[in-house]
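Chain residues, written in single-letter form:
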Amino acid sequence: MAEYSHGYKEYVCILIKNNRIISVEFNAKDYSGYIKSWDNGYMNRMKSAQGTYPNEYTRKYAAQLVESQDIEKVDAVTNASNSGKNFVRLVKAALGNATEGNQEVAVVEE
């Protein structure tokens, strides 16, 4: 993502081999580079309030993409829909670059 939201900037890294998505990392970093999924305080607050947390929903989104091989088949995770929308946008941008043979970082504007 081009901008930070709530102190974090989401990103996705996709590894493609033989025209198949074999690995996906979806997460967010704060201004210092600290990974959102590593923030136990944030996890505890979000889990008790929302029923999910970054280390859980980011893995669910990534696993669904690897399994389905189709971003349109990735279901939203309850109470993580904003991140889910960003995941879809980031994946489409990354796969668009990959289709063109472009290995540069794709930046998605809000």
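A brief look at the structure comes next.

Quick notes on the rules
Residues numbered from 1 in each chain as written. Predicted model: local features only at pLDDT ≥ 70, side-chain atom pairs only at ≥ 80, totals over all residues. Heavy atoms only, no water. Pairing = 2+ DSSP bridges. Helix = DSSP H or I, 4+ residues; strand = E, 2+ residues; numbered from the N terminus. Phe/Tyr/Trp six-rings, centres within 6.5 Å; stacked < 30°, edge-to-face > 60°. Expected span 1.5 Å × (residues − 1). Buried < 20%, exposed > 50% of the residue type's maximum accessible area, 1.4 Å probe, protein only. Arc of directions from axis to C-beta. Contact = heavy atoms within 4.5 Å.

**Side note on the pairing of strand E2 (residues 20–29)**
Across nine bridges, strand E1 (residues 9–17) lies against E2 in antiparallel orientation. Paired with Val12 across the bridge in E2 is Phe26. The turn joining E1 and E2, which pair antiparallel and follow one another in sequence, is formed by two residues; a positive phi near 50° is taken by Asn18.

**Some details on the packing of aromatic side chains**
Going through the model one piece at a time under the given rule, you end up with seven aromatic pairs. Through a chain of ring-to-ring contacts, three or more aromatic side chains come together here, namely Phe26, Tyr57, Tyr61 and Phe87.

**Things to note about helix H2 (residues 54–68)**
The end-to-end C-alpha separation of H2 is 21 Å, in line with the 21 Å expected for 15 residues at 1.5 Å each. Along H2, the residues classified as buried are Pro54, Tyr57, Thr58, Tyr61, Ala62 and Leu65. The arc that holds the buried residues of H2, viewed along the axis, is 130°, so those residues lie on one side. For H2, the exposed residues set more than 90 degrees away from the buried face come down to Arg59 and Glu67.

**Describing the side chain of Lys36**
Within the element layout of this structure, Lys36 appears in the loop between E2 and helix H1 (40–50). Residues contacting Lys36, with those up to four places away along its chain left out, are Tyr8, Asn27, Ala28, Tyr42, Pro54 and Tyr57.

Geometric descriptors of this kind do not, in isolation, establish any biological role.
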